[in-house]
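# Notes for the structure review
Listed here are the chains, written in short residue letters.
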Amino acid sequence: MIEIKHHGAVTGVTGSCHELRLSQATKGSDPSGSDPTLLSAVNPPAGILIDCGLFQGQEESRGSSAADLAIDFPIEHIRALVVTHVHIDHVGRIPYLLAAGFDGPIICSEPSAIMLPEILEDALKIGFTRDRALINRVLELIRARVVPLPYGRWHSVFEEGGGSLKVRLQRAGHILGSAYVECDVVSGTAAERIVFSGDLGAPHSPLLPEPSPPERADRLVIESTYGDKNHEDRETRRYRLKAVLEHALEDGGTVLIPAFSIGRTQELLYEIEGLIAEFGDEAILQAAKGADPLGSDPTLLPATDSKAGAFGVSPQGDRPRSRPGSRPRSESLTWSNLEIVVDSPLAAEFTRIHRDLKPFWDEEARALVAAGRHPLSFEQLTVINSHEDHLNAVEYLAKSHRPCVVIAGSGMCAGGRVVNYLKAMLGDARNDVLFVGYQAAGTPGRNILTYGPRGGWVELDGERYDIRARVHTVGGYSAHAGQEDLLRFVEGIPQPPSEIRIVHGDDEAKRALQGKLRESLPQVAVVIPN
Ligand SMILES: [Zn+2]
C-alpha cells in the first residue's frame, strides 16, 4: 500500500515533514491502511521524506529544546529526503535527521543544492550549537549527501521488493530553487502519481517564472499559507511600494523592512532597482520640507569593511553624487540617491548566489541583464556584513534620522539584526516599519502589525518597546501563492486528483481552501490531516 504521513507542523515546533511510504500489503488488506495490525504483516516498508523543517515562530518554539526537535518517528525505512526548497520551515530539522541516523541522499534542485548548506550553517549557528567543528562536520555530511536534480528530470530513488519510487522536480516559483515534487510510486499492483506542492509561488514574482500545474496527480498534498486570501494586485505593487516609501521618507528617518534572507530580499532589491531606473531624478523628498533631508554629519558615519562604505557614502568614497559632505544642502532626495542598505550577511550571501544563478531567472529579469541593468547589485545598495558595522549603523541611523531604507532579517522580527533596529527605532515617529510578508501569529512582527497602529507596544527579548514609528504593509510581495493561485494550480491538473491533502498554513487558511476546493471539485476528497 502507498501511504502519506505528515510528521511536521503538528506540535507548533516542527515545520513541514511529509512521508511517502510503500509497504507490501497482504492480499485483502485494508486499503485505507487504517488497520494497524496489517502493517506488521508486510515486508519492511520503504519510503521517502519530503522536507524536514523547523517552525520559525519563536513564541511557539520558545523553550523548545533539542529533545523536542529530535526526530520522533521511525526512519530506518527512509531511503531519501527530497527537499522542496531551502526555507527553514522545510529544511531546519535536517541536522536532527542526520543525528537520528538518516544516511540516505538529500535530493533537491540545483539552486537548492547550492543554498542548502548555507542556510543550514546559519540555522546551526543560531539554534543547534556554537561548536564550529561540529557545524563543519554536519555541513560536510550534508554536502556529501546532496543530489542536485535538474528540473523536469525523473530520478529513480529505489526499486525493491515489488515496489519502486521515482521523483521529478518542477519549478514552484516560490523562491529560487523551489520545486514541487512529483512521485511515481509502484507498490505491487498499485501505481500512483503523488504530488507534493511544497510552497507554491504567485504569478508576477520578480525573478522567478510562475509554476505550471502538474500534468497528473492522483493524490495531491498542497500548502495553504494564503489559502484564505488573495494577494493585492502584484502588477501594481511596485508603485504601491513607491508610494509607501515616499510617504515614509517624508519626515526623514529610516524605513525598516523586515525580510527573509532568501527570496524576499532579492525581490525587494529587484523592484527598488526598477523604481530607481524608472524614477531616477524624481524627488522623493523636497529639501524645503525638512531642513536637511540628507542632513548628517559625515564624521558620524560608521566605519565599515565594505568597499563602497557604509550607506555608500563614506567620505573617502568615489561617488560624489551620494557623498553628503559634498551635497548642496538644498538638494532634494531623489530615487537615484536614496540609499538602500541590506544589513544581513546571509541575505548578502544569498543575493550573491541569486546573481550567480541567472539561468534560473525568468525572462523579464534576464532581459534586464541583457540590457545592461544590474537588478541585484545597483550602486545605491550597501551591504553591511560585520556585527560591528551593524551596531554602528543602528546607532548612526537612529541618531541621524537620515532617510534610508534598511532591509534586515528576520522577516517576522523573531530574531536577527532587525531586532536591534526595532529596539532603537520603534520609539521615534520619524521611523517607519514596512512589512512585505506574512507575519505568523505569536511573532513580534505580527504584534507590531497589530498593536503598532494603535500606539501599542511590543515585547522584544523580554522587554516592552512602545511603538511610535509608523507601520505600513505592502501586500502582494508574498512568495506564496494566494487562494486564487492555489485554486488555479489544482484546477489546472487535467484529471482531478482523487484526494487532496491541505497542509502548511493557519487553520483558517486550511479550512478556507478546503471549502473552495470542495466547491470547485465536489468529487474530490479534500482533507486536512492532523
Ligand atoms: Zn517557503
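Scroll up for the structure.
Cut-off values and rules
For every chain, the first residue of the written sequence is number 1, and numbering continues from 1 onward in sequence order. Residue-level local features of this predicted model are given only where pLDDT is at least 70; pairs of side-chain atoms are given and counted only at 80 or more, and the full residue set underlies all totals for whole chains, interfaces and linings. The side-chain figures draw on all heavy atoms in the structure; neither hydrogens nor water molecules are used. Only C-alpha atoms enter the line fits that serve as axes; for helices the fit covers just the stretch in contact. Angles between N-to-C directions range over 0 to 180 degrees. Put simply, DSSP marks the helices as runs of H or I at least four residues long and the strands as runs of E at least two long, and each gets a number from the N terminus on. Roughly parallel here means an angle under 35 degrees, roughly antiparallel means over 145, roughly perpendicular means 65 to 115, and every remaining angle is called oblique. Here a crossing is taken to be left-handed if its near helix is turned anticlockwise relative to the far helix by less than a right angle, and right-handed if that turn runs clockwise. Contacts are assigned to residue pairs with any non-hydrogen atoms lying within 4.5 Å of each other. Here a donor is an N, O or S atom found within 2.8 Å of the metal, or within 3.2 Å if the metal is Na, K or Ca; sites may look incomplete because water is not among the atoms. Under this scheme a four-donor centre is tetrahedral when all angles range from 85 to 135 degrees, a four-donor centre is square planar and a six-donor centre octahedral when opposite donors are above 155 degrees with the rest from 65 to 115, and any other centre is irregular. Accessibility here uses a 1.4 Å probe with only protein chains present; expressed as a share of the type maximum, an area under 20% marks a residue as buried, one over 50% as exposed, and anything in between as partly exposed. A pair is scored as a salt bridge if a Lys or Arg side-chain nitrogen falls within 4 Å of a carboxyl oxygen belonging to Asp or Glu.

Here we come to the packing of helix α12 (residues 387-400) against helix α13 (residues 418-425). Axis separation between α12 and α13 bottoms out at 10 Å; the angle between their running directions is 25°. If you check the angle between α12 and α13, you find them roughly parallel. When the axes of α12 and α13 are compared, the crossing they make is right-handed. Where α12 abuts α13, its residues His-390, Leu-391, Ala-393, Val-394, Leu-397 and Ala-398 lie against Asn-420, Tyr-421, Ala-424 and Met-425.

Around the zinc ion, the donor atoms from the protein are His-85 (NE2), His-87 (ND1), His-174 (NE2) and Asp-199 (OD), and they sit 2.2 to 2.4 Å away. Because the angles between the four donor atoms bound to the zinc ion fall within 91 to 166°, the donor set is best described as irregular. The class for Asp-199 is buried, based on a relative accessible area of 1%.

The omega torsion across Gly-409 and Ser-410 is 5°, close enough to zero to call that bond cis. In this structure, His-204 takes a positive phi of about 65° despite not being glycine. Examined against the element boundaries, His-204 turns out to sit in the loop between β10 (190-196) and β11 (219-223). You will see that His-504, though not glycine, has its phi angle at about 65°, which is positive. On the secondary structure map, His-504 appears in the loop between β22 (499-503) and α16 (507-520).

Turning to the pattern of salt bridges, a few remarks are in order. Pairs may arise between side chains of opposite charge once their charged atoms sit close together. A complete count under the given rule lists 29 salt bridges for this structure. As a salt-bridge pair, Arg-193 and Glu-215 come within 3.5 Å of each other at their nearest N and O atoms. Of this pair, Arg-193 sits in strand β10 while Glu-215 is found in the loop between β10 and β11, placing the two residues 22 residues apart along the sequence. Overall, the relative accessible area of 5% leaves Arg-193 in the buried class. Connected through shared salt-bridge partners, Arg-168, Glu-182, Asp-184, Arg-193 and Glu-215 make up one network.

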